[in-house]
Amino acid sequence: MMLRLQPPPLLWLFGAGRAALRAATRGRGGLGVRSVSDGPVKLTATPSKSLADEPLDIQAEGLGAEQAVTLRAQVVTDQGQLFASCGQYRADGAGRLVVSQSPSLGGDYEGVAPMGLLWTLSPAPMEQPYLKLSQAHLTGSPMYIDLCVHSGHSGKTTIPGQPLAKQRIERWYSKPGLRRIRLREGNIRGSIFIPPGE
């Protein structure tokens, strides 16, 4: 007998707001490029524009001492698919959180993982499982990732409510001037990437 797990009823709300969420987070509109905070909480991810293999420094300030928070990342792909991840953290005594030093206590990963929010991005609950996070245009446009910090510990299937602070970052797969030449010879398919210059 096969057991089939049903999502919690609350997840059906995600389907109704799916188009609105994608429209709000797609392109250059959405959350904006610079850090935005509601009140004294500030979330920063530096650099805000970087290559896809460069490390990020993610920090939150202005939290309560030992406050439980959840960091979330969301990406809407060129195909309109939503990917998400989350990590559960606790601020230090000064109300500060440094992801490269603080361990995630739960969520999609545990332990000290500075890039955990990025490498655990997976299809959101309303998406088809086993989708691959891919960028249609590897050159000329970035992947936009929205980062948010929420009060309390919550999972990916929870509607977290209003974020305390948020920031949008850009992850580029190529430096300016890189040329891509597609290859198609017999059964061979591929691309050559040529840097600028001679």
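Above this text is the structure in question.
The rules behind these values
- Residues numbered from 1 in each chain as written.
- Predicted model: local features only at pLDDT ≥ 70, side-chain atom pairs only at ≥ 80, totals over all residues.
- Heavy atoms only, no water.
- Pairing = 2+ DSSP bridges.
- Helix = DSSP H or I, 4+ residues; strand = E, 2+ residues; numbered from the N terminus.
- Polar contact = N/O pair within 3.5 Å; in protein donor to acceptor, adjacent residues only side chain to side chain.
- Contact = heavy atoms within 4.5 Å.
- Phe/Tyr/Trp six-rings, centres within 6.5 Å; stacked < 30°, edge-to-face > 60°.
- Salt bridge = Lys/Arg side-chain N within 4 Å of Asp/Glu carboxyl O.
- Buried < 20%, exposed > 50% of the residue type's maximum accessible area, 1.4 Å probe, protein only.

(A) Molecular detail of the sheet that holds strand S2 (residues 42-46). Strand order in the open sheet made by the 3 strands is S2-S4-S7, with antiparallel pairing throughout. Looking at the sheet topology across the chains shown, the edges are occupied by S2 and strand S7 (97-98). For strand S4 (residues 57-61) and S7, the ladder comprises 2 bridges, and the chain directions are antiparallel. If you follow Ala60 over to S7, its bridge partner there is Leu97.

(B) Region of interest: the side chain of Lys156. Structurally, the position occupied by Lys156 is in the loop between strand S10 (143-151) and strand S11 (165-172). In this structure the side chain of Lys156 is engaged in a polar contact, spanning 2.4 Å, whose partner is the side chain of Ser122.

(C) Geometry of the environment of Ile192. Structurally, Ile192 is set in strand S13 (residues 188-194). Here the alpha-carbon distance between Ile192 and Arg180, two residues 12 residues apart in the chain, equals 5.7 Å. In this structure, Ile192 is in contact with Arg179, Arg180, Ile181 and Leu183, ignoring residues within four places of it in sequence.

(D) Representation of the packing of aromatic side chains within the structure. Inspection of the entire model under this criterion finds 2 aromatic pairs. Taken together, the ring pairs connect Tyr89, Tyr109 and Trp119 into an aromatic cluster.

(E) Seen up close, the pattern of salt bridges. For the structure shown, the criterion picks out 3 salt bridges. Its salt-bridge partner being Arg96, residue Glu61 comes within 3.5 Å of it at the nearest N-O pair. Taken together, the positions of Glu61 in strand S4 and Arg96 in the loop between strand S6 (82-90) and S7 put the pair 35 residues apart, joining distant regions of the chain. Ionic pairing is found between Asp146 and Arg168, a salt bridge with its closest N-O pair at 2.7 Å. Of this pair, Asp146 sits in strand S10 while Arg168 sits in strand S11, and the two are 22 residues apart along the sequence. Of the residues examined, Asp146 reaches a relative accessible area of 2% and is grouped as buried. Assessed through its relative accessible area of 1%, Arg168 is described here as buried.

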